[in-house]
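Structure assessment
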Amino acid sequence: MRKLTSIILFLVAVSNNFGQSKNSPLPISHLTGDFYVYKTFHDYNGTLISANAMYLVTDKGVVLFDAPWDKTQFQPLLDSIKAKHNKDVIMLFGTHSHEDRAGGFDFYRKKGIKTYSGKLTDDILKSKNEPRAEFVIPNDTTFTVGQYKFEVYYPGKGHAPDNIVAWFGKDKILYGGCFIKSAEAKDLGYLGDADVKEWEKSIKKVQLKFKNPKYVIPGHDGGTTNKSIDHTLKLVKEYLAQKSTEKK
């Protein structure tokens, strides 16, 4: 009986660790193949907002694309990945300098995980005296990790002056981060560092370069539909049209 109780408690603990429940502060969902999307949450001006991020399980280890927005989930994410896949996180890419993307550089670097950002992100973090990534990458760089090849690409200014995306050509997955709004987004969200006029050009570059994605991961809210790219472009055009009208 004692042994059965121990097994049950263990299974409950593991289940909690995987963070599959919607009520969990760290829900993790399977996207396709070795790709997983996880969410963390942050209180922004009194509203609890979710942030999407992704990880890829390779033969060499796990690659993170953006850190949790909730700092209390930095270690639980590592623990959940280890419990679920029996692999360690070996790399972290921050897709721009905002806290919901690059906030984990210091923590994960101290854990011995290789951290990466673009040059523009590094410049911004340096100017603010904030923790930076260990490695600075060119605007368009291809990585091979284990059995996977992916491209990290800077399309130009948009949500932020330094936003980058990641493309997995074989699986047709575009990790957009905050550069891409979700299909249900009603507006462009936080625009404190945005260049909306350039955003339109940058989205069109992505559409030309990475054709027909099967999955697109936006920075916030839900869904992985490829319609989110067109929806982001629509929101950008509507915003620019409104601003143009206001000037008249």
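Look up: the structure comes first, before these words.
We now turn to the structure provided with this report. (Residues numbered from 1 in each chain as written. Predicted model: local features only at pLDDT ≥ 70, side-chain atom pairs only at ≥ 80, totals over all residues. Heavy atoms only, no water.)

Moving on: the pairing of strand E12 (residues 215-218). Burial of E12 is two-sided: the residues Tyr215 and Ile217 facing one way and the residues Val216 and Pro218 facing the other way are all buried. Relative to E12, strand E11 (residues 173-177) is paired through four bridges, and the arrangement is parallel. When the bridges of E12 are listed, Leu174 appears paired with Val216. For the handedness criterion, the β-α-β arrangement of E11, helix H6 (residues 196-209) and E12 is classed as right-handed. (Buried < 20%, exposed > 50% of the residue type's maximum accessible area, 1.4 Å probe, protein only. Helix = DSSP H or I, 4+ residues; strand = E, 2+ residues; numbered from the N terminus. Pairing = 2+ DSSP bridges. Right-handed = clockwise from strand over helix to strand, strands pointing away.)

Here helix H2 (residues 74-85) is twelve residues long and its end C-alpha atoms lie 17 Å apart, about the 16 Å a rise of 1.5 Å per residue gives. Every buried residue of H2 is accounted for by Phe74, Leu77, Leu78, Ser80, Ile81 and His85. Along the axis of H2, the buried residues cluster in a sector spanning 165°; they form a single face. Immediately beyond the C-terminal end of H2, within one or two residues, lies Asn86, with a positive phi of roughly 55°. (Expected span 1.5 Å × (residues − 1). Arc of directions from axis to C-beta.)

As a further point, take the sheet that holds E12. Strand order across the open sheet formed by five strands is E8-E9-E10-E11-E12, with mixed pairing between neighbours. Every other strand in the sheet has two partners, leaving strand E8 (140-145) and E12 as the edge strands with one partner each. Strand-to-strand twist in this sheet, taken as the mean axis angle between neighbours without regard to direction, amounts to 20°. Sheet analysis places strand E9 (residues 148-153) next to strand E10 (residues 165-168), joined by three bridges and oriented antiparallel. Looking across to E10, one finds that Glu151 is bridged to Trp167. (Axes fitted to C-alpha atoms, helices over the stretch in contact; angles between N-to-C directions.)

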